[in-house]
Amino acid sequence: MSVKGFGSMQALSQPTLDLLAKLKFEKPTPVQEAVIPVFSGNKDVAVDACTGSGKTLAFVIPVAERLSGLEEPLLKHQVDETFGANAADSETSQAALF
């Protein structure tokens, strides 16, 4: 797998790409490159990788993208309803990365 820039990920909005550039994240790690598109597509993802591989950012970026796309802020206890409804409409898949 060749690591390209974050800009090659269609799932990321321009504000997210701008923030990543501002924070000096130039290229995704192999874990991020594999996980972000899958997780952004409402698929279940399980990752087992060493410390420093970028697992946390691979999880946070798609969640932040989803939350920033909401028309109205979530109300208390509404997170499960919003994410659960979308997950129910998609096929469940898993990917193991080592």
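See the structure above.
Residues numbered from 1 in each chain as written. Predicted model: local features only at pLDDT ≥ 70, side-chain atom pairs only at ≥ 80, totals over all residues. Heavy atoms only, no water.

Turning next to the nonpolar core. Of all hydrophobic cores here, the largest spans ten residues; its members are F6, M9, L12, L17, L20, V31, V35, I36, A58 and I61. Where this core is concerned, the elements lending two or more residues are α1 (14-22), α2 (30-40) and α3 (55-68). The greatest single-element share of this core, amounting to three residues, is contributed by α2. Once you skip the residues sitting within four places of it in the chain, I36 turns out to touch F6, M9, L12, A58, I61 and P62. (Core = buried A, V, L, I, M, F, W, Y, C linked by side-chain atoms within 4.5 Å. Buried < 20%, exposed > 50% of the residue type's maximum accessible area, 1.4 Å probe, protein only. Helix = DSSP H or I, 4+ residues; strand = E, 2+ residues; numbered from the N terminus. Contact = heavy atoms within 4.5 Å.)

What sets the pattern is the α-helix's 3.6 residues per turn: residues three or four places apart point alike. Those residues of α2 not exposed but buried are V31, Q32, E33, A34, V35 and I36. Close packing links the buried residues of α2 with α3.

Once that is clear, we can look at a nonpolar patch on the surface. On the surface, L19, L23 and F25 cluster together into a nonpolar patch covering about 280 Å² of accessible area. With respect to the helices and strands, the residue F25 is situated in the loop between α1 and α2. (Patch = residues over 30% accessible without salt bridge, like charges linked within 9 Å, V, L, I, M, F, W, Y side chains within 5 Å. Areas by Shrake-Rupley, 256 points an atom, 1.4 Å probe, with all protein chains shown as cover. Salt bridge = Lys/Arg side-chain N within 4 Å of Asp/Glu carboxyl O.)

Between its first and last C-alpha, α3 extends 20 Å over 14 residues, near the 20 Å set by a 1.5 Å rise per residue. Along α3, the residues classified as buried are A58, I61, P62 and E65. Down the axis, α3 shows its buried residues gathered within 85° of arc, on one side only. Of the exposed residues in α3, the ones pointing more than 90 degrees away from its buried face are T56 and S68. Looking at the buried residues of α3, the elements they touch are α1 and α2. (Expected span 1.5 Å × (residues − 1). Arc of directions from axis to C-beta.)

Relative to the elements of secondary structure, A64 occurs in helix α3. Here the alpha-carbon distance between A64 and T16, two residues 48 residues apart in the chain, equals 8.7 Å.

In this fold, T16 is placed in helix α1. Not counting the four nearest positions on each side in its chain, T16 is found in contact with I61 and E65.

Attention shifts here to unusual backbone geometry. Unlike most non-glycine residues, K24 shows phi in positive territory, near 70°. Along the chain, K24 turns up in the loop between α1 and α2. Residue classification places K24 among the exposed residues on the basis of a relative accessible area of 67%.

Turning our eyes to something else, we now look at the environment of V60. Tracing the sequence through the fold places V60 in helix α3. Classification of V60 by relative accessible area gives partly exposed; the value is 39%. Between the C-alpha atom of V60 and that of I36, which follows or precedes it by 24 residues, the distance is 9.1 Å.

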